[in-house]
Amino acid sequence: MNNNSTTTNINKKKNIWRKRLFEIIEVSESGDYLSLFYDVLMIVSIVVSLVPMAFKKPFDLFTYTDVVTTTLFIIDYLLRYITADYKTNRGPVLSFILYPFTLWAIIDLMSILPSITFLYDQFKMLRIIIMIKTLKIVKVFKSFRYSNSINIISQVIKSSKHPLMAVGSLAIGYILTSALVIFNVESKSFDTFFDAVYWATVSLTTVGYGDIYPVTTEGRVIAMISSLCGIALIALPASIITAGYMDSLTEIDRRRKETHSSITSSTDTYVNEN
């Protein structure tokens, strides 16, 4: 009986430590300075790891910074793996199986692999990643995890995915329609249908690089209509995300006020009782 009680206490202590570890490695809450320090450390590490990409000539210092930052990224990956059940809320076994296939875990792994292959030549199977130097830019996405604003926007996109998908489908349909029309009207200016799709895309976004453009009156009329419709289509997802973002900020502010009011009420009650 005592052995069972001792085992239960040990498991509870382990869970408490893992829970605290999860709180530290996640985005810091107000007043959690240890978690804030961890967030700052990881953001600085991400920035430092990207500095070598701004130079064509390698320096010895970059090798050392790569070792340090890669080590920190590996530790971060392992810490997130052993606390995956608190993140996914799917039970210990299933969480540990599914976590490596989640988006953030893949981003973490992709940001680690290029540096590992660079540092250790014996990883022959992974050396092909060295050829894709720009893969290291994936580390930028790691920093998104530590931004409350980015997290809010990601939640807004998830909650507004159906209207955003509708707008995206409308944009794709309009691009293909414009491409078909301009490809048949301006057959001399557009050699392939892909050129027409490229032109329709840059016209829809009102960028218009000017490398491909219509020369006939009919083609120019189509270009003007495409640009005007592009302004409306581009504004739709922006307004959806902005409205959702403002609603989320309002909700967060409301919860913060409720929490503050609850704490104040509890303090007043405690004072009155004593």
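Residues numbered from 1 in each chain as written. Predicted model: local features only at pLDDT ≥ 70, side-chain atom pairs only at ≥ 80, totals over all residues. Heavy atoms only, no water.

Caption draft 1: A look at the pattern of salt bridges. Applying the stated rule across the entire model yields six salt bridges. Note that Glu 26 is salt-bridged to Arg 80, the shortest N-O span being 3.0 Å. Of this pair, Glu 26 sits in the loop between α1 (2-25) and α2 (33-50) while Arg 80 sits in helix α3 (residues 60-82), placing them 54 residues apart in sequence. Here Glu 26 matches Arg 80 in class, with each residue buried. Put simply, Glu 26 and Lys 87 hold a salt bridge, and the shortest N to O gap is 3.1 Å. Pair noted here: Glu 26 is in the loop between α1 and α2 and Lys 87 is in helix α4 (residues 84-88), with a separation of 61 residues, a long-range link. (Salt bridge = Lys/Arg side-chain N within 4 Å of Asp/Glu carboxyl O. Helix = DSSP H or I, 4+ residues; strand = E, 2+ residues; numbered from the N terminus. Buried < 20%, exposed > 50% of the residue type's maximum accessible area, 1.4 Å probe, protein only.)

Caption draft 2: Spatial organisation of the packing of aromatic side chains. Evaluated as defined, the whole model comprises nine aromatic pairs. The interplanar angle of 50 degrees and the centroid separation of 6.4 Å between the aromatic rings of Tyr 77 and Tyr 99 together place this pair among those described as tilted. Separated by 22 residues along the polypeptide, Tyr 77 in helix α3 and Tyr 99 in the loop between α5 (92-98) and α6 (103-119) bring together distant segments of the chain. An aromatic cluster of three or more residues is present, and its members are Tyr 77, Tyr 81, Phe 96 and Tyr 99. (Phe/Tyr/Trp six-rings, centres within 6.5 Å; stacked < 30°, edge-to-face > 60°.)

Caption draft 3: Here's a closer look at the packing of α2 against α3. Between α2 and α3, the least distance of the axes is 10 Å, while the angle of their chain directions is 135 degrees. By the angle between their directions, the pair α2 and α3 is classed as oblique. For the crossing formed where α2 meets α3, the hand is left-handed. Across from Tyr 38, Leu 41, Met 42, Ser 45, Ile 46, Val 48 and Ser 49 in α2, the residues of α3 making contact are Thr 65, Thr 69, Leu 72, Phe 73, Asp 76, Leu 79 and Arg 80. Taken together, the residues of the contact of α2 with α3 sort by class into eight nonpolar, four polar and two charged. (Axes fitted to C-alpha atoms, helices over the stretch in contact; angles between N-to-C directions. Parallel < 35°, antiparallel > 145°, perpendicular 65-115°, else oblique. Left-handed = near helix turned anticlockwise from the far one by under 90°. Contact = heavy atoms within 4.5 Å. Nonpolar A, V, L, I, M, F, W, Y, C, P; charged D, E, K, R; others polar.)

Caption draft 4: Local environment of α3. Compared with the 33 Å implied by 1.5 Å per residue over 23 residues, the 34 Å span of α3 between its first and last C-alpha is a close match. Here α3 has its buried residues at Phe 62, Asp 66, Thr 69, Thr 70, Phe 73, Asp 76, Tyr 77, Leu 79 and Arg 80. (Expected span 1.5 Å × (residues − 1).)

Caption draft 5: Fine view of the nonpolar core. Membership of the largest hydrophobic core comes to 14 residues, with the highest contact counts inside it found for Tyr 38, Met 42, Ile 46, Phe 73 and Tyr 146. If you list the elements that add at least two residues to this core, you get α1, α2, α3 and α6. It is α2 that contributes the most residues to this core, four residues altogether. Core analysis: the second largest hydrophobic core is formed by 13 residues, Ala 171, Ile 175, Ala 196 and Val 197 among them. (Core = buried A, V, L, I, M, F, W, Y, C linked by side-chain atoms within 4.5 Å.)

Caption draft 6: Summary view of the side chain of Glu 26. Given a relative accessible area of 16%, Glu 26 falls into the buried group. One polar contact links Glu 26 to Lys 87, side chain to side chain, over a distance of 3.1 Å. (Polar contact = N/O pair within 3.5 Å; in protein donor to acceptor, adjacent residues only side chain to side chain.)

Caption draft 7: The arrangement of the packing of helix α9 (residues 161-185) against helix α10 (residues 193-204) in detail. Two elements in contact, α9 and α10, have axes whose closest approach is 8 Å; the angle formed by their N-to-C orientations is 125 degrees. Our classification of the angle between α9 and α10 gives oblique. In this structure, α9 meets α10 at a crossing whose hand is right-handed. Taking contact as the criterion, the partners of Ala 171, Tyr 174, Ile 175, Leu 176, Ser 178, Ala 179, Leu 180, Ile 182 and Phe 183 in α9 are, on α10, Phe 193, Ala 196, Val 197, Trp 199, Ala 200, Thr 201 and Leu 204.

Caption draft 8: Structural detail: a nonpolar patch on the surface. A surface patch of nonpolar side chains, amounting to about 520 Å² of accessible area, comprises Ile 43, Val 47, Val 51, Phe 55, Phe 59 and Leu 61. Assignment of secondary structure puts Phe 59 in the loop between α2 and α3. (Patch = residues over 30% accessible without salt bridge, like charges linked within 9 Å, V, L, I, M, F, W, Y side chains within 5 Å. Areas by Shrake-Rupley, 256 points an atom, 1.4 Å probe, with all protein chains shown as cover.)

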